[in-house]
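# Coordinate analysis (summary)
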Amino acid sequence: MKVLDLDAVRAFVLVADLCSFTRAADALGTTQSAVSLKLKRLEDRLVFRLLERTPRYVQLSARGEAFLEPARELLEVHDRALA
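Criteria and thresholds
- Residues numbered from 1 in each chain as written.
- Predicted model: local features only at pLDDT ≥ 70, side-chain atom pairs only at ≥ 80, totals over all residues.
- Heavy atoms only, no water.
- Axes fitted to C-alpha atoms, helices over the stretch in contact; angles between N-to-C directions.
- Helix = DSSP H or I, 4+ residues; strand = E, 2+ residues; numbered from the N terminus.
- Parallel < 35°, antiparallel > 145°, perpendicular 65-115°, else oblique.
- Contact = heavy atoms within 4.5 Å.
- Core = buried A, V, L, I, M, F, W, Y, C linked by side-chain atoms within 4.5 Å.
- Buried < 20%, exposed > 50% of the residue type's maximum accessible area, 1.4 Å probe, protein only.
- Left-handed = near helix turned anticlockwise from the far one by under 90°.
- Nonpolar A, V, L, I, M, F, W, Y, C, P; charged D, E, K, R; others polar.

We now examine the packing of helix 1 (residues 6-18) against helix 3 (residues 32-46). The contact between helix 1 and helix 3 brings their axes to 9 Å, and the two run at 110°. As summarised for this structure, helix 1 and helix 3 are arranged roughly perpendicular, according to the angle between their axes. Touching Asp7, Ala8, Val9, Ala11, Phe12 and Val15 of helix 1 are Val35, Lys38, Leu39 and Leu42, all from helix 3.

Pasting the structure below:
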């Protein structure tokens, strides 16, 4: 059974929205390297790349595009359950 780390999913959504690991880290109150590690572990768990990265830009891969909306829905349901 695959279990997703919700913090990693949240980091992915922020990186996708902000197009930046650094800005996502700032929004999460953590470091860029911590966000990068979360995303690496999430990609390893999913067994596909979510993001295409270079030193100059970050963009969603095709699989990342497909995963983004379900990731948002997962986080919404989780937040509603906690409320």
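Now that the structure has been shown, we can carry on.
One finds Phe12, Leu39, Leu42, Leu50 and Leu51 to be the most contacted residues of the largest nonpolar core, which totals 23 residues. Mapped by element, the contributors of at least two residues to this core are helix 1, helix 2 (21-28), helix 3, strand 2 (58-60) and helix 4 (62-82). If one sorts the elements of this core by residue count, helix 1 sits on top with seven residues.

Moving on to the packing of helix 1 against helix 2. Packing of helix 1 against helix 2 leaves a shortest axis separation of 8 Å and a crossing angle of 125°. Looking at the two axes, helix 1 sits oblique to helix 2. In this structure, helix 1 crosses over helix 2, and the sense of that crossing is right-handed. Residues Arg10, Ala11, Leu14, Val15 and Leu18 of helix 1 form the contact with helix 2, whose own contacting residues are Phe21, Arg23, Ala24, Ala27 and Leu28. Residues of the contact of helix 1 with helix 2, tallied by class, amount to eight nonpolar, no polar and two charged.

For the rest of this paragraph, the subject is unusual backbone geometry. Positive phi, normally seen in glycine, also occurs at Cys19, with a value near 55°. Locating Cys19 in the fold gives a position in the loop between helix 1 and helix 2. The class for Cys19 is partly exposed, based on a relative accessible area of 46%. Despite not being glycine, Val47 has its phi angle at roughly 65°, a positive value.

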